[in-house]
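# Topology and contacts: notes
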Amino acid sequence: MIIGESKAYYIFTFGGEAPMDIHKVARRLLKQGVAYAAISPASGDVFMSPQYRELADLLRDGEKISSFKSATGKRERLKWLLCNPGIGLKMAARLRIRISSGVHDGDSESGGADSESGIEVIDEWRRHREALDRVVMGRQFSVAVQHEVERGLLRPSYLEREPYIRLKLRAGRVWLSGGVPSGRSQGHESTLEAHLMLHRSGVMQLVLSYALPQNIDADTYGMFSFGGSPAIDAVSLPEAVIDTDAGALGGAVSRGVEGKDESGSRLIKIEFSSSTSAAVVFVAYANSVTAVGKVSWEGEWFCYPAMFLAGIACCESENKFSRSHAEELALLFLRLDPRQGIRAEQLRTLMPENAALDSNSSFYFNASSMLEIEWKGPPGEFADHLNRLIIMESALLQYWQIRMLDQRISATQDKLSRVREVQKEAIFGLREYREAAISYGTAKEITEKLLSEWRADRFYARILEGLSQLQQLAATEESRLGAKRANTLAALVLIATLFFGIPAVGQTLQAIDEIPDGGFLGFLSAPLRFLAGMGPQGVWIGYLTMATATVICFVYFAVSGKIGRSRGRRFRPIGMRWPGGDLRTVRVSEIGDTGD
């Protein structure tokens, strides 16, 4: 069995601190160059890394220079230079504009030469501008397409709350084992793409993807269908990723600068003594993201492979393939080795139904992987695959959220502040779990089926039980603190009873004034002798001082811990806006089996 074109996506889900300040983390990743583009799900605004600021300044200069042509035609060069002195100084030497002599277009041959030279410079700047726009739009494309597909799958009310931010990380290259042409020492070369999602619940998802070698057999495909299989001979990663965690890629035998990507970032090529896996590359990226973003991560993750194939060489339709190779199809999807001797009846039991609605494709999924086969035509591009990927990512997000909540509740100690914090996290997390982002169509059915296979309902029940125990723990601690406050207030009432009332204060100060200066009592009463010597005025001052102190203590002990302050936050932009504008995508066709 020979497999044609294919592409592998490895969805790695892992968790950090909760709640996560996604804007701050995204801002750090863009600033350090680990990511170069980010998008807001609420507005669709695309933000670029500040490292593009120099290019943006160059583009703005080009826009100013483009106005020079019209200024020259109107013989207003002097006015233009006064309005744009910085650009004018840069161009003066090349344009040879003689401001002081007052030469105008057509006044001399040199004036004509000046005009032609100026037009050449303007045309050159315009070419640069078009090239810059193309590069930046290419950088924005993947996140813009993701946003457009999400708008059709996720609830608008969910997107408006901006619960997550998507980022495009700097890409690299991989050399894959299998499909090695003769005369070459390394495997199939493919572009490595990396997309990151930061969720405010603390969950992160990193998707690594690359095209597989063409015309591979089932055994080679089986190697690529696992994120932990040794399928990579060498990798070329951005310098920002390597510098952050140089030790993540173990087994490297050589390192060297391979070149630069389109944005000018250096790529470091790493060759391995023995093949490594996509999981190792993920760890390098994840360590870089958590280190630069200053997010805690304990190293736990889950990999969900999503494979897209462009048919099988021997068969042009699913019906023909399933009739002739039903057992091989099950082994292909279940990622089982035929040499293991799996019983045919067991394969039929484990094999899920085809979830595709049209006859041109087959779609299978379970708790461990996903497979889609296009029987006619190529396997499609990233935009075509997003209708499946976003559904899987949404299900994985819900599963990891409730899993993290279960772990946090189990690890909570008896400190009241921590109990309250976990209670708030659990309430938020359970609300996210119950109000799924995908709430309609067959996409919801897929999500619910995956959550059922992952036993998410078991976590849900355990969290409810844990919340009940936390409530009892919080009530016990509140009772203890309440008793402490009551005792303190009783003491204050006693003090007020003894000293409040102007006659009592006056009598107290009179008695203090009669105490001799020496001795222990004289030492204790010394601070109040000043008030005692002031007569009636001292009585009033003493009364008001004690009344104010008692009121302050009463308010503090009565309401401390009861009222929380809420501060409105205004998020500053996480990156820079490209002056040429954002890339906006429009869907021209709908996939019938993912919407409503």
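The rules behind the values
- Sequence order sets the numbering: in each chain, residues are counted from 1 along the sequence as written.
- In view of the model being predicted, local features appear only for residues whose pLDDT reaches at least 70, and side-chain atom pairs are presented and counted only at 80 or more, with totals across whole chains, interfaces and linings using the full set of residues.
- As a convention, hydrogens and water are excluded, and side-chain values are obtained from all of the structure's heavy atoms.
- The secondary structure listing takes helices from DSSP runs of H or I that are at least 4 residues long and strands from runs of E that are at least 2 residues long, numbered from the N terminus.
- Buried means the residue's accessible area, taken with a 1.4 Å probe over protein chains only, is under 20% of the maximum for its type, while exposed means over 50%, and partly exposed covers the values in between.
- The contact definition used throughout considers only heavy atoms, calling two residues in contact when any of these lie within 4.5 Å.
- Areas reported here follow the Shrake-Rupley algorithm with a probe of radius 1.4 Å; residue values treat only the protein chains shown as occluding.
- Think of a nonpolar core as a cluster: buried Ala, Val, Leu, Ile, Met, Phe, Trp, Tyr and Cys residues, connected wherever their side-chain atoms sit within 4.5 Å.
- Aromatic rings from Phe, Tyr and Trp, taking only the six-membered ring of Trp, are treated as a pair when their centres fall within 6.5 Å; an angle between ring planes under 30 degrees marks them as stacked, one over 60 as edge-to-face, and anything in between as tilted.
- In this analysis the charged atom, NZ for Lys or CZ for Arg, is taken to sit over a ring once it is within 6 Å of the ring centre and within 35 degrees of the ring normal.
- Salt bridge, as applied in this entry: a Lys or Arg side-chain nitrogen positioned within 4 Å of an Asp or Glu carboxyl oxygen.
- A pair of strands counts as paired when DSSP detects no fewer than two bridges linking them.
- Each axis is a line fitted through C-alpha atoms, and for a helix only the stretch in contact is used; angles between axes span 0 to 180 degrees, taken between their N-to-C directions.
- Oblique is the label for any angle not covered by the other classes, which are roughly parallel (under 35 degrees), roughly antiparallel (over 145) and roughly perpendicular (65 to 115).
- Whether a crossing is left-handed or right-handed is set by the direction in which the near helix is turned from the far one by less than a right angle, anticlockwise for left-handed and clockwise for right-handed.
- Under the convention adopted here, Pro, Cys and the residues Ala, Val, Leu, Ile, Met, Phe, Trp and Tyr are nonpolar, Asp, Glu, Lys and Arg are charged, and Gly plus all remaining residues are polar.
- One less than the number of residues in a helix, times 1.5 Å, gives the span that helix is expected to have.
- Fitting axes to the seven residues that end at a residue and to the seven that start at it, the angle between those axes gives the bend at that residue.
- Using only the protein atoms, space was sampled on a 1 Å grid; points where a 1.4 Å probe fits but cannot get out form cavities, open sets with protein on both sides within 12 Å along at least five of seven lines form pockets, and lining residues are those with an atom within 4 Å of a point.
- Grid points are joined across faces, edges and corners, and a volume is the space filled by probe spheres set on the points.
- On a range of 0 to 100, pLDDT expresses the predictor's confidence in each residue.

## Describing the overall build of the protein chain
Across its full length, the protein chain holds 19 helices and 15 strands. For the protein chain, the residues scored as buried account for 47% of the 596 residues in total. Considering only intrachain contacts with a sequence separation of at least 6, the fraction spanning at least 24 residues in the protein chain is 74%. Accessible surface, the protein chain: about 29900 Å² in total, of which carbon and sulfur atoms supply 54%.

## A short note on the nonpolar core
By size, the foremost hydrophobic cluster in this structure holds 72 residues, and its most contacted members are Leu29, Leu167, Leu198 and Tyr285. It is helix α10 (residues 278–293) that provides the largest number of residues to this core, a total of 9 residues. Here Leu198 is in contact with Met20, Ile22, Val25, Ala26, Leu29, Pro163, Tyr164, Ile165, Leu167, Val203 and Met204, once residues within four sequence places are set aside. Counting 48 residues, the second-largest nonpolar core is a separate cluster that includes Tyr9, Phe308, Met370 and Ile390.

## A short note on the packing of aromatic side chains
Following the criterion strictly, the structure yields 18 aromatic pairs and no others. Centroid distance Phe302 to Tyr399: 6.5 Å. Interplanar angle 65°. Geometry classified as edge-to-face. One end of the pair, Phe302, is in strand β13 (residues 301–309); the other, Tyr399, is in helix α13 (residues 382–410), and 97 residues separate them in sequence. Pairing Tyr399 with Trp454 gives two aromatic rings, centres 5.2 Å apart and planes at 35°, and the pair type is tilted. Within this pair, whereas Tyr399 is found in helix α13, its partner Trp454 is found in the loop between α15 (441–453) and α16 (456–499), the two being separated by 55 residues in sequence. Under the relative-accessibility criterion, Tyr399 is labelled buried at 12%. Arg388 extends its terminal NZ or CZ atom over the ring of Phe363, reaching a point 3.9 Å from the ring centre. Positioned above the aromatic ring of Phe459 is the side chain of Arg458, whose terminal nitrogen or guanidinium carbon lies 5.6 Å from the ring centre.

## Details of the environment of Ile242
Position of Ile242 relative to the elements: it lies in helix α9 (residues 239–244). Ile242 gets classed as buried once you look at its relative accessible area, which sits at 7%. Placed 25 residues apart in sequence, Ile242 and Leu267 show a C-alpha to C-alpha distance of 9.1 Å.

## Description of the pattern of salt bridges
In this structure the tally under the stated criterion is 10 salt bridges. Salt-bridge contacts for Glu345 lead to Arg343; the nearest nitrogen and oxygen are separated by 3.9 Å. By relative accessible area, Glu345 is classed as partly exposed at 38%. Residue Arg343 is classed as exposed on the basis of its relative accessible area of 57%. Several salt bridges share partner residues, and in doing so they unite Glu150, Arg166 and Glu393 into one network.

## Observations concerning the pairing of strand β6 (residues 172–176)
Within β6, 4 of the 5 residues are buried, which leaves the element mostly enclosed by the surrounding structure. Both β6 and strand β10 (residues 232–238) contribute to a ladder of 4 bridges, which runs antiparallel. In the strand pairing of β10, Trp175 is matched with Ala234.

## A word on the pairing of strand β2 (residues 6–15)
When you tally the buried positions in β2, you get 10 out of 10 residues, the bulk of the element. Strand direction decides the pairing type here: β2 and strand β8 (residues 203–211), joined by 9 bridges, are antiparallel. Across the sheet, residue Ile11 finds its bridge partner in β8, namely Val207.

## Here's the deal with the packing of α13 against α15
Running from amino to carboxyl end, α13 crosses α15 at an angle of 40°, the nearest separation of the two axes being 9 Å. As judged from the angle between their axes, α13 and α15 are oblique. Pair α13 / α15 crosses with right-handed handedness. Counting all contacts with α13, which are made through Ile391, Met392, Ala395, Gln398 and Tyr399, the residues of α15 involved are Ala443, Ile446, Thr447, Leu450 and Leu451. Its residues assigned to classes, the contact of α13 with α15 shows 8 nonpolar, 2 polar and no charged.

## As for unusual backbone geometry
In this model, Glu162 sits at a positive phi of 50°, which is unusual for a non-glycine residue. In this structure, Glu162 sits in the loop between α7 (156–160) and β5 (164–169). Phi angles above zero are rare outside glycine, and Asn215 is one such case at about 55°. Its place among the elements puts Asn215 in the loop between β8 and β9 (216–217). Look at Asn215 and you get exposed, because its relative accessible area is 54%.

## Details of the packing of helix α1 (residues 22–31) against α10
With their axes 8 Å apart at the nearest point, α1 and α10 run at an angle of 110° to one another. Judged by the inter-axis angle, α1 sits roughly perpendicular to α10. Here α1 contributes Val25, Arg28 and Leu29 to the contact with α10, which in turn contributes Val289, Val292 and Gly293. When the residues that make up the contact of α1 with α10 are grouped by side-chain class, the tally is 4 nonpolar, 1 polar and 1 charged.

## Re helix α11 (residues 318–334)
Taking 1.5 Å of rise per residue, the 17 residues of α11 would be expected to cover 24 Å, yet its terminal C-alpha atoms sit only 17 Å apart, more than 12% below that figure. Remark: the principal bend of α11, roughly 100°, maps to His325. Summarising the contacts, the buried residues of α11 are in contact with β1 (2–3), α8 (218–224), β13, α12 (344–350), β14 (361–365) and β15 (370–374). At the C-terminal side of α11, Arg335 shows a positive phi close to 60°.

## Remarks on the environment of Gln423
If you trace the backbone, Gln423 turns up in helix α14 (residues 416–434). We classify Gln423 as buried; its relative accessible area is 14%. Here the alpha-carbon distance between Gln423 and Leu405, two residues 18 residues apart in the chain, equals 9.7 Å.

## Some thoughts on empty space enclosed by the protein
Taken as a whole and judged by the stated rule, the model has 6 cavities of 30 Å³ or more. Together, Glu150, Leu154, Tyr158, Tyr164, Arg166, Met197, Gln205, Ile390, Glu393, Ser394, Leu397 and Ala437 line the largest cavity. Per element, the largest residue contribution to the lining of the largest cavity is 4 residues, and it comes from α13. The class makeup of the residues in the lining of the largest cavity is 7 nonpolar, 2 polar and 3 charged.

## A look at the confidence of the model for the protein chain
Counting all residues, the mean pLDDT for the protein chain is 76, and 63% of those residues have values of 70 or more. Element-level mean pLDDT values for the protein chain span from 58 in helix α3 (residues 68–73) up to 96 in β8. Ignoring residues within four places in sequence, the model shows residues 96–114, a span with pLDDT below 50, making 25 contacts including any to other chains. Across residues 179–185, where pLDDT falls below 50, the model places 6 contacts with residues more than four positions away in sequence or in other chains.

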